[in-house]
Amino acid sequence: MPQVEAGNTAHLVKHAITLLMHGTVSDWNKHFSVRDFNATIPEKSKDAMFMDFEYRERWKFYHCVNQRFIGNKPIDYLEFGVAGGDSLRSWLRLNTHATSRFYGFDSFRGLPEDWLTDSPKGAFDQQGRLPQFEDDRVSIIDGLFQETVDAFSRAFTPRNRLVIHMDADLYSSTLYCLMHLDRHIRPGTIIFFDEFTARDCTDEYAALRDYCTACYRDYTVIASRPDFVKLALEIVR
Ligand SMILES: C[S@@+](CC[C@H](N)C(=O)[O-])C[C@H]1O[C@@H](n2cnc3c(N)ncnc32)[C@H](O)[C@@H]1O
């Protein structure tokens, strides 16, 4: 017994010193992601269009990308994280092509995990109520991504250029969707991120990085806010 206690104490002291000197595993993850982000994103954004805008004016950003890179041609728009439907409504107004298709995915039960201090598990909960869209180009896929996206992706046949809008905030949700859409992602696919740098780049950015690593994908940033929080990229490989 005394030996075990002594061993435990030594272990605890060593652990405390490691924490003081180096921080927690979460600190390491954040440190790594920020360094990786800084080494990657400015370089990939050399030719990007930069524009500054407030959150409530996100539609202006979508408008510019739609005009400049999509040209109001028909798209297959897939949005992950619909909540009350604001960003999906913006896209319906912006891309008016009759053969565009719009798919919105959400559980309408809010975030499945804690995220930011002011956005815990359940944030953005719509009590399961689906937003209404008076536009027959829209389909809503109701449920946890982990229960809906795989079946959707297997059955889906793209008809138009793919535009993916990731607005689900979490690493798990973002990575899950990207991995399950990989069979449809091509050079030319556009992907928007709404909270690209959140939690020290450990959510959407880290999910994109891990997806690209696992699926041998590469991209160039086509448009961004100067702080890189909201960003659009085009897949090049
Ligand atoms: C920031 S809100 C979306 C905001 C919306 N795009 C807008 O314009 O108002 C994030 C949404 O992602 C959804 N979400 C996140 N992870 C999910 C998952 N794994 N499955 C289903 N829905 C998820 C939440 O329910 C929440 O409604």
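The structure this text deals with has already been given above.
Predicted model, so just to flag it, every value in this text is computed and none were measured.

**Considering the layout of surface pockets**
To locate leftover empty space, one rolls a probe as large as a water molecule over the atoms.
No. 1: Size it by volume and the largest pocket reaches roughly 490 Å³.
No. 2: Lining the largest pocket are 31 residues, with Gly81, Ala83, Phe124, Asp167 and Asp169 sitting closest to its centre.
No. 3: Listed by contribution, the elements that provide at least two residues to the lining of the largest pocket are helix 4 (86-94) and helix 5 (145-155).
No. 4: Broken down by class, the residue content of the lining of the largest pocket amounts to 13 nonpolar, 9 polar and 9 charged.

**Some details on the sheet that holds strand 5 (residues 161-166)**
No. 1: A sheet is described by the order of its strands in space; here 8 strands give the open sequence 1-7-8-6-5-2-3-4, paired in mixed fashion. The strands lining the two open edges of the sheet, one partner per strand, are strand 1 (49-50) and strand 4 (138-142).
No. 2: Lying on the sheet, helix 5 is in contact with strand 2 (75-80), strand 3 (101-106) and strand 4; it crosses strand 3 at an angle near 150°.
No. 3: Along the sheet face, helix 6 (residues 171-181) touches strand 2, strand 5 and strand 6 (190-193) and points at about 165° away from the line of strand 5.

**Some remarks on the site of the ligand**
No. 1: For the ligand, the set of nearby residues contains 21 residues, the closest of which are Gly81, Ser87, Asp106, Asp167 and Ser173.
No. 2: Measuring from an oxygen atom of the ligand, one finds a side-chain N or O atom of Arg58 at 3.0 Å.
No. 3: Asp167 is positioned such that a nitrogen or oxygen atom in its side chain is 2.7 Å from a nitrogen atom of the ligand.
No. 4: Calculation on the ligand without its partners gives an accessible area of 600 Å², and the protein chains cover 96% of this total.
No. 5: For the ligand, the cavity whose grid points lie within 2 Å of the majority of its atoms is the largest pocket.
No. 6: Of all the elements in the fold, those that place two or more residues in the shell around the ligand are helix 4 and helix 5.

**A closer look at the packing of helix 2 (residues 25-44) against helix 8 (residues 204-215)**
No. 1: For the pair helix 2 and helix 8, interaxial distance at closest approach is 11 Å and the crossing angle is 70°. As far as their axial angle goes, helix 8 and helix 2 are roughly perpendicular. Our pair here, helix 2 against helix 8, has a crossing hand that is left-handed. Judged by residue contacts, Phe32, Ser33, Asp36, Phe37, Thr40 and Ile41 of helix 2 engage Tyr205, Ala206 and Arg209 from helix 8.

**Let's talk about the packing of helix 3 (residues 58-70) against helix 4**
No. 1: Taken N-terminus to C-terminus, the directions of helix 3 and helix 4 make an angle of 40°; their axes are 10 Å apart at the nearest point. Relative to helix 4, the element helix 3 lies oblique. The hand of the helix 3/helix 4 crossing is right-handed. For the pair helix 3 and helix 4, the contacting residues are Arg58, Trp59, Tyr62, His63, Asn66 and Ile70 in the first and Asp86, Ser87, Ser90, Trp91 and Leu94 in the second.
No. 2: A class-by-class count of the residues in the contact of helix 3 with helix 4 yields 5 nonpolar, 4 polar and 2 charged.

**Some details on the nonpolar core**
No. 1: Formed by 37 residues in total, the largest nonpolar core has its most connected members in Leu78, Phe80, Phe105, Phe193 and Tyr219.
No. 2: For Phe105, the residues in contact, after removing those within four places along its chain, are Leu78, Glu79, Phe80, Gly81, Val82, Ile141, Phe145, Thr148, Val149 and Phe152.
No. 3: Counting 24 residues, the second-largest nonpolar core is a separate cluster that includes Tyr62, Val65, Trp91 and Leu92.

**Brief notes about the side chain of Asp194**
No. 1: Relative to the assigned elements, Asp194 resides in the loop between strand 6 and helix 7 (198-201).
No. 2: On the basis of relative accessibility, which here comes to 3%, the residue Asp194 falls in the buried class.
No. 3: Not counting residues up to four positions away in its chain, the partners in contact with Asp194 are Tyr55, Arg58, Tyr62, His165, Met166, Asp167, Glu204, Val229 and Lys230.

**Some points on the side chain of Asp76**
No. 1: Note on placement: Asp76 falls in strand 2.
No. 2: Within the structure, the side chain of Asp76 is placed 2.8 Å from the backbone nitrogen of Arg159, a separation counted as a polar contact.
No. 3: Ignoring sequence-local partners within four residues, the contact set of Asp76 consists of Arg101, Phe156, Pro158, Arg159, Asn160, Arg161, Leu162 and Val163.

Conventions and cut-offs
- Residue positions are counted from 1 within each chain, in the order its sequence is given.
- At least 70 in pLDDT is required for a residue's local features to be given in this predicted model, at least 80 for side-chain atom pairs to be given and counted, and no such filter applies to totals for whole chains, interfaces and linings, which use all residues.
- With hydrogens and water stripped out, all remaining heavy atoms of the structure feed into the side-chain values.
- The rule is simple: put a 1 Å grid over the protein atoms alone, call a set of points where a 1.4 Å probe fits but cannot get out a cavity, call an open set with protein on both sides within 12 Å along at least five of seven lines a pocket, and count a residue as lining if it has an atom within 4 Å of a point.
- Grid points are joined across faces, edges and corners, and a volume is the space filled by probe spheres set on the points.
- Helical segments are the DSSP runs of H or I of at least four residues, strand segments are the runs of E of at least two, and each set is numbered from the N terminus.
- Under this grouping Gly is polar, as are all residues other than the nonpolar Ala, Val, Leu, Ile, Met, Phe, Trp, Tyr, Cys and Pro and the charged Asp, Glu, Lys and Arg.
- Think of it this way: DSSP has to see at least two bridges between two strands before they count as a pair.
- Residues count as neighbours in contact if any of their non-hydrogen atoms are within 4.5 Å of one another.
- Simply put, an axis is a line fit to the C-alpha atoms, just over the touching stretch for a helix, and the angle between two N-to-C directions goes from 0 to 180 degrees.
- Nearness is defined per residue: one heavy atom within 4 Å of the molecule or strand is enough.
- The term polar contact refers here to a pair of N or O atoms within 3.5 Å; inside protein, the definition further demands a hydrogen-donor-capable atom paired with an acceptor-capable atom, and it admits residues adjacent in sequence only when both atoms are side-chain atoms.
- Method for areas: the Shrake-Rupley scheme with a 1.4 Å probe, in which residue coverage is limited to the protein chains shown.
- Grid points define the cavity or pocket, and a molecule sits in it when more than half of its atoms lie within 2 Å of them.
- Note on terminology: angles under 35 degrees are roughly parallel, angles over 145 are roughly antiparallel, angles of 65 to 115 are roughly perpendicular, and the others are oblique.
- By definition, any crossing whose near helix is turned counterclockwise from its far helix by less than a right angle is left-handed, and any crossing with a clockwise turn is right-handed.
- Among the buried residues, those of types Ala, Val, Leu, Ile, Met, Phe, Trp, Tyr and Cys that are joined through side-chain atoms within 4.5 Å form a nonpolar core.
- Think of it in three bands: with a 1.4 Å probe and only protein chains considered, a residue is buried below 20% of the maximum accessible area for its type, exposed above 50%, and partly exposed in between.

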